[in-house]
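Understanding the architecture of this molecule
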Amino acid sequence: MPPADAEPSMGKEKGAADSASPAHPPGERAVSVLWSFGKCLGALLPVYLAGYFGFSISIVLFGLMIYMGWKHSRLDKVMRLKSAMYLLENEMEFTTAKVFRTKRDLPPWVNFPDVEKVEWLNKILQQAWPFVGQYLEKLLVETIAPAIRASSIHLQTLSFTKVNLGDKAMKVVGVKAHTEHDKRQVLLDLYVSYAGDVEINVEIKKYFCKAGVKGIQLHGKLRVILEPLIGDVPLVGAITMFFIRRPKLDINWTGLTNLLDIPGLNAMSDTMIMDAIASYLVLPNRLTVPLVADLHVAQLRSPLPRGVVRIHLLEAEDLTAKDTVIKGLIDGKSDPYAVLRVGTQTFTSHHVDSNLNPQWREMYEVIVHEVPGQELEVEVFDKDPDQDDFLGRVKVDLDIVKKARVVDDWFNLKDVPSGSVHLRLEWLSLLPSAARLSEVIQRNQNLTSKTADPPSAAILAVYLDQAQELPMKKGNKDPSPMVQLSIQDATKESRTCYGTTNPVWEDAFTFFIQDPRKQDIDIQVKDDDRALALGSLTIPLSRILATPELTLDQWFQLENSGLASRIYIKIVLRVLWLNEEATPTTPSPRPSGSGSVLGPEGVTSELSPGGVGGAAKPQPTRPQHTTPDPEFATEGVLRIHLVEAQNLIAKDNFMGGMVKGKSDPYVKIRVAGITFRSHTIKENLNPIWNELYEIILTQLPGQEVQFELFDKDIDQDDFLGRFKLNLRDIISAQFIDTWYTLNDVKSGRVHLVMEWLSRVSDLPRLEQILQYHSQQSYQNKVVPSSAVLFVYVERAHGLPLKKNGKEPKVGAEIILKSTIYRTKICERSTSPRWDEAFHFLVRDPKDEMLTVKLSHSWGQALGSVVLPLREVLGEPGLLLDRWLGLEGALPESQILLRATLKILDTQLAVCRKAPGDTSDDVNAEGSSNIIIPRWDPAHLDLRHRTGLSISGDHGSTAGQVKLSIGYSTEESRLFIVVYSCRALAACSKDGADPYVTFVLLPDKKGTTKRKTATKKRDLNPEFNERFDFDFSLEESTQRRLDLSVKHNVSFMSREKELIGKLQLDLDQIDLKTGVTQWYDLVPETN
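Residues numbered from 1 in each chain as written. Predicted model: local features only at pLDDT ≥ 70, side-chain atom pairs only at ≥ 80, totals over all residues. Heavy atoms only, no water.

1. Thoughts on the pairing of strand 42 (residues 849-856)
Burial within strand 42 is extensive, with six of its eight residues counted as buried. Across seven bridges, strand 39 (residues 810-816) lies against strand 42 in antiparallel orientation. Residue pairing across strands places Ala812 opposite Leu854, the latter belonging to strand 42. Note: strand 42 against strand 43 (residues 860-868), eight bridges, orientation antiparallel. By the bridge assignment, Thr851 is partnered in strand 43 with Val866. Counting the residues between successive antiparallel strands, the hairpin from strand 42 to strand 43 contains three residues, one of them, Ser857, with a positive phi of roughly 50 degrees. (Buried < 20%, exposed > 50% of the residue type's maximum accessible area, 1.4 Å probe, protein only. Helix = DSSP H or I, 4+ residues; strand = E, 2+ residues; numbered from the N terminus. Pairing = 2+ DSSP bridges.)

Pasting the structure below:
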């Protein structure tokens, strides 16, 4: 019988299985049984305790419901984590699978070809991920854990028992680069996705507490800004990172933190964690990592906004009815209201009762920090007593508003069957001038809305840096200062700096201002309990209106505080200006269908010609003038005159060096990534080059001008020395004529004349400069530039189509003599927009012409325009800003550009007298007495050479010292800043170890004697030290500065100690204005 036969076989199989399975020790089996019994007992224990203490069975059921909810939430998180891991590992297969899915399911690089894949970066991350884990483990165990243990007595037994980042590395699923907006920065959008099997466990042994994380998901768009771009390694001044919108976060908890997965707590915990991340990494917060010194990190971390968008929430139509009657058999109405979001800024409108076509007529103002990137999100809800019903949403990319200036349109609501909302969006530019403030305030008075807040005329950015010498608390304890800043009803608080009288906050705040002529900013410095006041300050905003660039950047003396208590604040005011020339004549009609184009993540990225709904509407009037960036035409020109060198090293020796020869020297000059090279002078250790170089530069921190000398040889050129100059020092001095000692060689120095050229719009001055230039000659045949031309190409209109009838991809070439620049190539359009700026050096504006050529992808010509610079000279302020007709195109083809000329003034050209002043203008023979100096190489004779050559006849000097001397009325202090020395006389074979010491005479007790630090082996030392004196202004003018630059020598040394002296009566200086300049040092005389 089969059963009988089957029984032995089953027995054999069981026996085989038993023999194959490992034998478990009896003790281990006993522990397993006890553990199973314990779990059963633990499950029954709550029921028993509830009955024992007489509790209601509802408590047990409630606990059971919480447990089931927690279990369900845990399983959901695990499934989401596994799904995300699978998706990242099989991205290509998932993308190309033949299934129906919406565009939103696809990665960014599939939807939008300007988002690039970076698999090479993901391979690097995957390879380096274990080492990132090692670094994180070391950071947590050796740095963070001791800090946590020291913070509280209850956490002294805390330790990280396991730190494992897992095998799943973070992936960058796409990168989009923005390089067309600002030439001094690079913007990168990184689409970051992380679904990792990370496991981090922490234990507090004192309380038998264990907690941890096992699995994290993080998805979002991280913006990385590389700015400022500089002309030296590492090419980037700083890296700034932030999420434009909150990333999506999902954490799988373990241990005691499992409680965070209980329904209700999980949403709260995720929100708290996201709030913590947002406080550091979500706009307007940024993480900035400086890469070079002398950077204003606070301004990079909190830059001025890109602009302000004024949102008019006007009305909506055809909304969905949510308040239905008899379970939906009879349609009712809705009570709609709208929620508007831009970043972290959120506004809620009032609700309209029982209306599917509500009218709100409300106005809001939002600060825009980043475009492209930030978007406006409008969600409409139905107001209900319990839970509000969703009526649709719409998103608008604010980059569209910036380009159009005004968008007045109907937008279809998404994710609902019907409904549209009418918005008017206005882009308000930030003006650094108060010239149009009255006009702006008058306009705002004519605006009406139901919102309580009136329209703003300006925004105020406050950079709170630091404070010094704050008063102590009672009991001589250090305070924990924080700052409250108030303007009318708006109050904002800084972070708290604990236990210090010299706090450094580095915080930034922004306020909307209705009328800066009538408002004040109130600053209160308090202890962290908000009860003890440490000082106060009130600044009328009308004071800022009188400052250049509407900026105050200085120390302020605190009131109701210590005598030396002061605070450093930078305050920037910007007027909000609406370009009304871009305003549409009438809003477009309500849309009847969808017409918006979705960008990344469903953001509306482009408006159709007929509005969002595709309905026809009148086109907005074209702007009559350009709207360049505020940084347009702010560059300067550096002129370098390479004169000569002395006492260079002989490299071309004979007979193995027994007979000294000569060198064939030449110079390389590097600045802002550009290299100039002089001609080679044969067999000369004291060469005279007499060559001129000019370069247009943007004033960026950390820029240097590098000079290197070489001996020209047949094989490899020999090194003859080098030195560097800080561009900031050249700009500060404006004009420098001096010798510089070569570094890294035994001997040699170079004579340079450098000038940071002033830019003026004085047309009569042009003739004087041209006359001076005509009398100059240089070995490299360079004709000095008399002006700099700035060109801003904004847009074109009405261009012809291609030969095949398609719209062209238009690029523009901007040409001045042999210099050619090219714009980016715009997407297909007969009305392209570039918004790009260029600059040219101009020898004689009266004879030169600017040419702009338009073409399709640098092929088929689409028109050109020739602009003689003589026309720009005839414009007010030497500025031309208008539409210009194109030749070789259609009659209506035009281009909108701005051309600005700035005359390059030089201190070497003597100014003529004012027109009409004929005194002493002619001599007896009737010839002009006006002298224009000409550089004469006769003074280069070796018999007349000294250690220092500067403008004018100063006799023999021992070098120079750069000082700032002034009186601060805000602080009631005299201040002296010792910046640096140059061309000091050597005191030993190693040069000198200089320091500066000075006293303010008369001073019998030596209380005003001060001394800087000592700089080793440096004849051009930099000190950058400030000294303050509590004198009144009257007492300061009665003092005499007695300054000495000395060489630090030992007690037994015979080396000369005094290098040079300077004596200066302070009544010869306008102390209120202050002065910064180089002073000659008088050498020691016998």
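Now, onward.
2. Points about the sheet that holds strand 32 (residues 674-677)
Here we have four strands laid out as an open sheet, ordered 32-31-34-35, and antiparallel in their pairing. Among the strands making up the open sheet, the edge pair consists of strand 32 and strand 35 (718-726). Neighbour to neighbour, the strand axes of the sheet diverge by 15 degrees on average, direction disregarded. For strand 34 (residues 704-711) and strand 35, the ladder comprises eight bridges, and the chain directions are antiparallel. Bridge assignment links Gln706 to a residue of strand 35, and that residue is Lys724. (Axes fitted to C-alpha atoms, helices over the stretch in contact; angles between N-to-C directions.)

3. Section: the packing of aromatic side chains
Under the definition given, this model contains 17 aromatic pairs. Between Phe707 and Phe723, the aromatic rings sit 4.8 Å apart at their centres with planes inclined by 10 degrees, giving stacked as the arrangement. One end of the pair, Phe707, is in strand 34; the other, Phe723, is in strand 35, and 16 residues separate them in sequence. Phe723 matches Phe707 in its accessibility class, with the two residues each being buried. On the basis of an interplanar angle of 65 degrees and a centroid distance of 5.1 Å, the ring pair of Tyr821 and Phe840 is categorised as edge-to-face. Of this pair, Tyr821 sits in strand 40 (residues 819-822) while Phe840 sits in strand 41 (residues 833-842), and the two are 19 residues apart along the sequence. For Tyr821, a relative accessible area of 28% corresponds to the partly exposed category. For Phe840, a relative accessible area of 2% gives the class buried. Members of the aromatic cluster, connected to one another through ring pairs, are Phe998, Phe1027, Phe1029 and Phe1031. Sitting above the plane of the Tyr666 ring, Arg677 keeps its charged end 3.8 Å from the centroid. (Phe/Tyr/Trp six-rings, centres within 6.5 Å; stacked < 30°, edge-to-face > 60°. Lys NZ or Arg CZ within 6 Å of the ring centre and 35° of its normal.)

4. Focus: unusual backbone geometry
With an omega of -10 degrees, the peptide bond running from Glu227 to Pro228 counts as cis. Inspection of the secondary structure assignment puts Pro228 in strand 4 (residues 209-229). Cis geometry is found at the peptide bond from Leu1001 to Pro1002, where omega equals -5 degrees. Along the polypeptide, Pro1002 turns up in the loop between strand 48 (994-1001) and strand 49 (1010-1011). For Glu469, which is not a glycine, the phi torsion comes out positive at approximately 55 degrees. With respect to the element layout, Glu469 can be found in the loop between strand 18 (458-468) and strand 19 (481-487). With relative accessibility at 46%, the residue Glu469 sits in the partly exposed group. Positive phi, close to 65 degrees, is recorded for Trp858, a residue that is not glycine.

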